[in-house]
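Fold and geometry: a report
Read off the chains here:
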Amino acid sequence: MSVWQRLSFHHDRTRDRKILDLFDDPKRAEGFSARLGDMLFDYSKTNIDLAGRDLLIALAEDAGVAARREAMFAGEPINETEGRAVLHTALRNLDASVVVDGTDVMPEVRDTHARMVAFCKDVRSGAYTGQGGRIRDVVNIGIGGSDLGPAMAAIALSPYADGPRVHFVSNVDGAQIAETLAPLDPTTTLVIVASKTFTTIETMTNAETARAWMKSAVDLPAMQFAAVSTSAERTAAFGITPERVFGFADWVGGRYSMWGPIGLSLMLSVGPENFDAFLAGGAAMDAHFRTAPLSQNIPVMLALVGIWHHQICGHATRAVLPYDQRLSRLPAYLQQLEMESNGKRVAMDGATLERTAGPVVWGEPGTNGQHAFYQLIHQGQQVVPCEFLLAAQGHEPDLVRQHQLLVANCLAQSEALLRGRSLEEATARMADQGLSGAELDRQARHRVFPGNRPSTTLIYPKLTPFVLGQIIALYEHRVFVEGAILGINSYDQWGVELGKELATALGPVVTGEVSAEGKDGSTRALVEFVRAHA
């Protein structure tokens, strides 16, 4: 019997057990948690017991997670469908030596980082200016990994933002760039175009719009542009000089790239020292991931909990619920990180997977979500495993009471998911309000909470640059472990290609330059509607 089969059998035997009963063990919370310094990951409010955890760890061991982990850090081409190394970790461990194809890649990484630091210092100090004076605003134009990471991190680290204001444009919908640029002064704005190839259609369309906007107010618009790209030819054609072009190697995937030049906007906002603290947090999680025993390894256990809930228990989604307003964009960031990485249907060898891979990842910050979708989480028929994130303290010393209320809400939600409320308890409550008979029973049933719903909690002292680095690296490694166990390639994304190809072909169809002949009936009808009403 395989480990997968034994896990399924174990789940069948324990699926109706109350998670709360596991707390008869007074050391349950301590035994089913893992630590890294002052960071605590608690997964005791799940139905995983000692036997289940042993089987999950055996699953990781059978999949060769440890060996594959070291292959990744060593620069081996674990992205097998593209023949590439996966070395975003090198961007945050600047003292390392990593050899790829016989060449130490770290001197170039350190050189690029140094150039970023020098440029940011020039912008922040006023040594580099716009054509109307000191740079007041930075607009980062990108999409996907060139946007979601730095946009999320800029909000997360806003207490440390002492540089120019940063803004993010990603959607090709003209509404976003129009509204972003409208209040800004072109003469004191720096635009960063983030596209590795400098051909991404959404990004380059927005870049052209920004250049036209800039040209209306300054003589040399390209002087106020920087690029994150590997295409020296295309950036030069755009007018951006080499000293303002920052590239990164093809062994850094887009959704893993904010540790390097894609993080330029973040570095401009919070400064090089805080950006380096962010890198240090990621490097600290890397070291923990490589050295901690599997049962005490936070990324490994987070991944194994995910495997248990999705592949074994069959829960289709998981909710990421940061009780930290500044992590409001973390669920969207993790949607890309996890669903683009592990949203696969075939194994590494091309064979169709026997089970689904990535779950649907979604969420919102607390307490907002409590007044929106928590109703379904608590009383809906489907089970949604929840992942809470919580800081022990906030950044507002005058608002300690509000943060205490936030903490109480977070802990109360995980407790409510665990305990629920029985029909007997609900009946007693309604009887105390004077109800009786059939109406008492009817009203009580509406107030029953099934409980026994799993959750995890990641808690940390305060959301600092270092801690944010830990959190992002944690989830990156979670993706790696889940992918390794499932036998898939977490580092390609062929699923985004077909839509791009069809959009390129449909462009001239929409404008009327090319006939819609050959398209399906629905697409033809929709194109005709757009043409008629454009």
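Residues numbered from 1 in each chain as written. Predicted model: local features only at pLDDT ≥ 70, side-chain atom pairs only at ≥ 80, totals over all residues. Heavy atoms only, no water.

Let's talk about the sheet that holds strand β2 (residues 39-42)
- A sheet is described by the order of its strands in space; here six strands give the open sequence β1-β2-β15-β14-β12-β13, paired in mixed fashion. The outermost strands of the open sheet, each flanked by one partner alone, are β1 (33-36) and β13 (360-362). Mean inter-strand twist for the sheet, computed between neighbouring axes without regard to direction, equals 15 degrees.
- The pairing of strand β14 (residues 386-391) with strand β15 (residues 455-460) spans six bridges and is parallel. In the sheet register, Cys386 faces β15, and the bridge partner there is Ser455.
- This element, helix α12 (residues 298-312), spans β1, β2, β12 (317-323), β14 and β15 of the sheet and lies at about 20 degrees to β2.
- Sitting on the sheet, helix α15 (residues 400-419) touches β12, β14 and β15, and the angle it makes with β14 is about 155 degrees. (Pairing = 2+ DSSP bridges. Helix = DSSP H or I, 4+ residues; strand = E, 2+ residues; numbered from the N terminus. Axes fitted to C-alpha atoms, helices over the stretch in contact; angles between N-to-C directions. Contact = heavy atoms within 4.5 Å.)

So, the sheet that holds strand β10 (residues 225-228)
- Within the open sheet, the five strands sit side by side as β8-β7-β9-β10-β11. Their pairing is parallel. Across the chains shown, the open sheet's two edge strands, defined by having one partner strand only, are β8 (165-169) and β11 (245-246).

Looking at the nonpolar core
- Core analysis: the largest hydrophobic core is formed by 115 residues, its most contacted members being Trp251 and Leu468.
- Broken down by element, this core gets its largest block of residues, 13 residues, from helix α18 (residues 465-486).
- Apart from the residues within four sequence positions on either side, Leu468 is in contact with Met152, Ala153, Ala156, Leu157, Phe278, Leu327 and Leu463.
- Formed by 20 residues, the second largest nonpolar core is a distinct cluster that contains Ile141, Val169, Val193 and Phe225. (Core = buried A, V, L, I, M, F, W, Y, C linked by side-chain atoms within 4.5 Å. Buried < 20%, exposed > 50% of the residue type's maximum accessible area, 1.4 Å probe, protein only.)

Description of the side chain of Lys344
- Examined against the element boundaries, Lys344 turns out to sit in the loop between α13 (330-342) and β13.
- Looking at Lys344, the relative accessible area reads 19%, which means it is buried.
- In terms of polar contacts, Lys344 uses its side chain to reach the backbone carbonyl oxygen of Ser341, at 2.9 Å.
- Those residues in contact with Lys344 that lie beyond four places of it in its chain are Leu353, Ala357, Ile488, Asn489, Ser490, Tyr491 and Asp492. (Polar contact = N/O pair within 3.5 Å; in protein donor to acceptor, adjacent residues only side chain to side chain.)

A few points about the pattern of salt bridges
- Evaluation of the coordinates by the stated rule reveals 24 salt bridges.
- Where Glu387 meets Arg318, a salt bridge forms, and the shortest distance between an N and an O atom there is 3.8 Å. One end of the pair, Glu387, is in strand β14; the other, Arg318, is in strand β12, with 69 residues separating them in the sequence. Taken as a pair, Glu387 and Arg318 share a single burial class, namely buried.
- Glu338 serves as the salt-bridge partner of Arg478, at 3.8 Å between the closest nitrogen and oxygen. (Salt bridge = Lys/Arg side-chain N within 4 Å of Asp/Glu carboxyl O.)

Structural notes on the pairing of β8
- Pairing analysis gives five bridges linking strand β7 (residues 137-141) to β8, with the strands arranged parallel. The residue of β8 that forms the bridge with Asp137 is Arg165.

As for unusual backbone geometry
- Backbone torsion omega between Gly366 and Thr367 reads 10 degrees, so that peptide bond is classified as cis.
- Residue position: Thr367 is located in the loop between β13 and α14 (374-379).
- Positive phi is not limited to glycine here, since Asp101 has a value of about 55 degrees.
- Tracing the chain through its elements places Asp101 in the loop between β3 (99-100) and β4 (103-104).

A short note on the packing of helix α6 (residues 148-156) against α13
- In contact at an axis separation of 9 Å, α6 and α13 are set at 155 degrees when each is read in the N-to-C sense. Between α6 and α13, the crossing angle belongs to the class labelled roughly antiparallel. Classified by chirality, the crossing of α13 by α6 is left-handed. Every residue of α13 that contacts α6 at Leu148, Gly149 and Met152 is listed here: Leu330, Ala332, Tyr333 and Gln336.
- By residue class, the composition of the contact of α6 with α13 is five nonpolar, two polar and no charged. (Parallel < 35°, antiparallel > 145°, perpendicular 65-115°, else oblique. Left-handed = near helix turned anticlockwise from the far one by under 90°. Nonpolar A, V, L, I, M, F, W, Y, C, P; charged D, E, K, R; others polar.)

Some thoughts on a nonpolar patch on the surface
- On the surface, Val510, Phe529 and Val530 cluster together into a nonpolar patch covering about 270 Å² of accessible area.
- Assignment of secondary structure puts Val530 in helix α20 (residues 521-533). (Patch = residues over 30% accessible without salt bridge, like charges linked within 9 Å, V, L, I, M, F, W, Y side chains within 5 Å. Areas by Shrake-Rupley, 256 points an atom, 1.4 Å probe, with all protein chains shown as cover.)

Thoughts on helix α1 (residues 3-14)
- Taking 1.5 Å per residue as the helical rise, α1 with its twelve residues ought to reach 16 Å, and the 16 Å between its terminal C-alpha atoms agrees with that figure.
- Turning to α1, its buried residues number three or more, namely Val3, Trp4, Leu7, His10, His11 and Thr14. Taken down its axis, α1 places every buried residue within 125 degrees of arc, on the same side.
- Among the structural elements, α3 (50-62), α12 and α18 are those in contact with the buried residues of α1. (Expected span 1.5 Å × (residues − 1). Arc of directions from axis to C-beta.)

Topic: the packing of α3 against α12
- Between α3 and α12, the least distance of the axes is 10 Å, while the angle of their chain directions is 105 degrees. The orientation of α3 relative to α12 falls into the category roughly perpendicular. The residues of α12 that touch α3, namely those facing Arg53, Leu56, Ile57, Leu59 and Ala60, are Met301, Leu304, Ile307 and Trp308.
- For the contact of α3 with α12, the per-class residue count stands at eight nonpolar, no polar and one charged.

Topic: the environment of Arg17
- Residue placement: Arg17 occurs in the loop between α1 and α2 (28-31).
- The exposure class assigned to Arg17 is partly exposed, which follows from its relative accessible area of 22%.
- Separated by 30 residues in sequence, Arg17 and Asn47 have C-alpha atoms that sit 7.7 Å apart.
- Other than its neighbours up to four places away in sequence, Arg17 contacts Leu22, Asn47, Asp49 and Asn452.
- In terms of polar contacts, Arg17 uses its side chain to reach the side chain of Asn47, at 3.0 Å.

Points about the packing of aromatic side chains
- Counting across every chain of the model gives 14 aromatic pairs.
- Ring geometry for Phe73 versus Phe289: centroids 6.5 Å apart, planes at 50 degrees, classification tilted. Pair noted here: Phe73 is in helix α4 (residues 65-73) and Phe289 is in helix α11 (residues 272-291), with a separation of 216 residues, a long-range link. By the burial criterion, Phe73 is buried, and Phe289 matches it.
- Each ring, one from Tyr323 and one from Phe388, has its centre 5.9 Å from the other, and the planes form 50 degrees; the classification is tilted. (Phe/Tyr/Trp six-rings, centres within 6.5 Å; stacked < 30°, edge-to-face > 60°.)

Read these as layout, nothing more, since geometry by itself doesn't imply function.
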